[in-house]
Amino acid sequence: MSSKTAGPRRLPVLTEINICLINLAFAILHVILKPLGLEQIAAGMMTGNLFGLILPAFAIIGCFVHIVIGPLLNWALYPDAYQSIVLDNLLLWVGMLLFVNIVVALTDKSHLDVEGADYRQPAGPIGRASAAFWDTAFDYLQMSVVPWDENATLPPDRQYIFACHPHGIHCTPLGMFHRKDTAFDRRFPGICENKISGLAATVVFKLPGAREFFLSLPYIDASRSVVEKALRADRHIFVCTGSGEESLLTRRGEDVIVLSKRKGFVRLALAYGCDIVPIFGIGNSDLFKTYSIGEGLRMRLHKALHISIPIFHGRWLTTLPYRVPGGVRVLVGEPLKVPTPKVRGERPDDALVEEYLRRYIERVKELHKQHGDGRKLRIL
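Residues numbered from 1 in each chain as written. Predicted model: local features only at pLDDT ≥ 70, side-chain atom pairs only at ≥ 80, totals over all residues. Heavy atoms only, no water.

Peer 1: Looking at this model, I keep getting lost on the packing of aromatic side chains. Mind explaining?
Peer 2: Following the criterion strictly, the structure yields 17 aromatic pairs and no others. Arranged with centres 5.6 Å apart and planes meeting at 85 degrees, the rings of Phe162 and Phe184 form a pair that is edge-to-face. Residue Phe162 is found in strand 2 (residues 160-165), and its partner Phe184 is found in helix 7 (residues 183-187); the two are separated by 22 residues along the sequence. Note on accessibility: Phe162 and Phe184 belong to one class, buried. Ring centres of Tyr219 and Phe238 lie 5.4 Å apart, and the angle between their planes is 70 degrees; on these two criteria the pair is classed as edge-to-face. (Phe/Tyr/Trp six-rings, centres within 6.5 Å; stacked < 30°, edge-to-face > 60°. Helix = DSSP H or I, 4+ residues; strand = E, 2+ residues; numbered from the N terminus. Buried < 20%, exposed > 50% of the residue type's maximum accessible area, 1.4 Å probe, protein only.)

Encoded structure:
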């Protein structure tokens with residue numbers, strides 16, 4: 001497999017601006033909170049509130065307008081220009097800003113691009129400070145990697161589909177594949193620096209704030225046509241196979257995964273000759289307290305609109321994850337090797353798909369039994 005890429009994918013100007021503002025916001029948090037010893041808490045809280053990432057960027061815009069633009073308007077026009085033009089019409093300006101972001105989110109197709117859909121290396125002091133802030137989230141969760149064998153290797157010249165379980169409220173094991181120098185990358189070098197793509201639901205790329213987060217990382221749309229394009233380009237894939245349905249079933253103290261009918265990733269692995277690597281986050285289900293109120297309605301909503309609305313909270317009734325004894329241990333299972341297809345990309349026989357799904361489920365059970373510390377595992 002070649003590790004060369006075509007350069008970063010092109011994003012709309014507004015999306016690039018939002019990414020810069022988000023990086024600036026977290027760089028500022030890094031500078032302020034690190035000396036106070038509060039950076040891990042803040043980073044942990046943001047991992048539980050990924051869909052609120054746009055809020056720090058809005059705060060930066062507000063401060064810039066109030067501190068810089070306001071005095072400039074008063075100086076250039078007339079003494080009360082800032083009050084009459086901006087503050088008296090604040091709702092209008094905020095509404096226009098939201099409207100433009102929503103239009104860009106709904107019309108942009110960057111998430112369908114495969115080449116160049118890679119992690120963006122932090123550039124300059126702002127980028128490095130923002131990355132340092134997010135690094136502390138791994139420290140807060142105490143994430144570690146546990147391979148199936150102490151001598152385990154994953155040759156990077158093979159092509160893999162990394163199937164991650166369980167989703168939990170947020171599938172934190174996916175973070176192991178976001179960039180170089182994670183615990184996974186240090187244990188299995190060469191995978192994260194090669195071409196690798198994460199899969200996310202289309203709706204994620206339509207939400208301002210969340211879309212910027214995912215587009216700055218190696219995520220692409222989870223639609224079959226886009227995934228096949230990535231596999232034809234010899235990219236590795238990492239995906240949480242249980243999706244939002246699994247998040248609605250999350251319960252502390254047990255691991256619930258939706259797998260028995262999830263044939264898509266197995267079918268793709270057989271069609272393109274990709275080994276399937278089970279990834280299991282022990283402790284990921286325990287990060288938040290969840291509630292089953294209206295679960296039936298929320299499950300129907302998910303199946304109809306692909307929108308998952310779990311009811312949860314973390315420590316102190318916030319989005320800060322609970323501490324898990326021993327941290328979140330990311331188990332890496334032995335790859336399930338698949339036969340080389342006669343014609344790459346050709347649809348495999350249904351019976352073969354069923355057989356390899358059965359084998360994969362057995363691999364997951366074995367991995368969980370060996371390293372799960374007696375936790376209950378339910379496979380639906």
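Past the structure itself, the notes keep going.
Peer 1: Is there a simple way to explain the nonpolar core in this structure?
Peer 2: Soluble globular proteins: nonpolar side chains tend toward being buried together. Grouped together as the largest cluster of nonpolar side chains are 55 residues, with contacts concentrated most on Leu154, Phe162, Phe177, Phe184 and Val332. Once you skip the residues sitting within four places of it in the chain, Phe162 turns out to touch Leu154, Phe177, Phe184, Ile191, His236, Ile237, Phe238, Val239, Val277 and Ile279. In terms of nonpolar packing, the next biggest core, distinct from the first, is built from 36 residues, Ala117, Val227, Ile276 and Ile361 among them. (Core = buried A, V, L, I, M, F, W, Y, C linked by side-chain atoms within 4.5 Å. Contact = heavy atoms within 4.5 Å.)

Peer 1: Mind showing me how you'd approach the pairing of strand 3 (residues 196-200) here?
Peer 2: Look at any regular strand and the pattern is simple: side chains alternate between the two faces of the sheet. Burial of strand 3 is extensive: five of the five residues sit out of reach of the surface. Judged by which residues are buried, strand 3 turns out to be covered on both faces: Ile196, Gly198 and Ala200 on one side and Ser197 and Leu199 on the other are all buried. Here strand 3 pairs with strand 5 (residues 236-240) via three bridges, running parallel. Bridged to Gly198 within strand 5 is Phe238. When strand 3 meets strand 4 (residues 219-221), the two strands line up parallel, connected through three bridges. Within the sheet, the bridge partner assigned to Ala200 lies in strand 4 and is Asp221. Note on the crossover from strand 3 through helix 8 (residues 210-215) to strand 4: the handedness is right-handed. (Pairing = 2+ DSSP bridges. Right-handed = clockwise from strand over helix to strand, strands pointing away.)

Peer 1: Explain the sheet that holds strand 5 to me, please; I cannot follow it from the model alone.
Peer 2: Whether parallel or antiparallel, the strands of a sheet pair through hydrogen bonds between backbone atoms. Taken in spatial order, the seven strands make up an open sheet running 1-10-7-2-5-3-4, and their pairing is mixed. Strands at the two margins of the open sheet, each flanked by one partner only, are strand 1 (144-147) and strand 4. Within this sheet the neighbouring strands show an average axis-to-axis angle of 30 degrees, counted without direction. Docked against the sheet, helix 9 (residues 224-232) engages strand 3, strand 4 and strand 5, running at close to 130 degrees with respect to strand 4. (Axes fitted to C-alpha atoms, helices over the stretch in contact; angles between N-to-C directions.)

Peer 1: Even after reading the chapter, I still don't get the environment of Tyr160, so can you show me in this structure?
Peer 2: On the secondary structure map, Tyr160 appears in strand 2. Those residues in contact with Tyr160 that sit more than four places away from it in its chain are Leu154, Pro155, Ile191, His236, Ile237, Cys274, Asp275, Val277 and Pro335. Here Pro155 takes part through its backbone oxygen, which lies 2.8 Å from a polar atom of the side chain of Tyr160. (Polar contact = N/O pair within 3.5 Å; in protein donor to acceptor, adjacent residues only side chain to side chain.)

Peer 1: What's the story with unusual backbone geometry in this structure? I'm lost.
Peer 2: Where the residue is not glycine, phi is negative for most of them; where a peptide bond is considered, it is trans in most cases. Residue Pro166 follows His165 across a cis peptide bond; omega there is -25 degrees. Among the structural elements, Pro166 can be located in the loop between strand 2 and helix 7. The phi torsion at Gln142 lies on the positive side, around 50 degrees, for a residue other than glycine. Locating Gln142 in the fold gives a position in the loop between helix 6 (124-141) and strand 1. Of the residues examined, Gln142 reaches a relative accessible area of 42% and is grouped as partly exposed.

Peer 1: Explain the environment of Leu301 here, please?
Peer 2: Here Leu301 is to be found in helix 12 (residues 295-305). Take Leu301: its relative accessible area is 30%, and that puts it in the partly exposed class. Considering only alpha carbons, one finds Leu301 and Thr250, 51 residues apart in sequence, at a separation of 17 Å. Setting aside chain neighbours within four positions, we find Leu301 in contact with His306, Ile307 and Ile309.

None of the figures reported here should be taken as evidence of function without further support.
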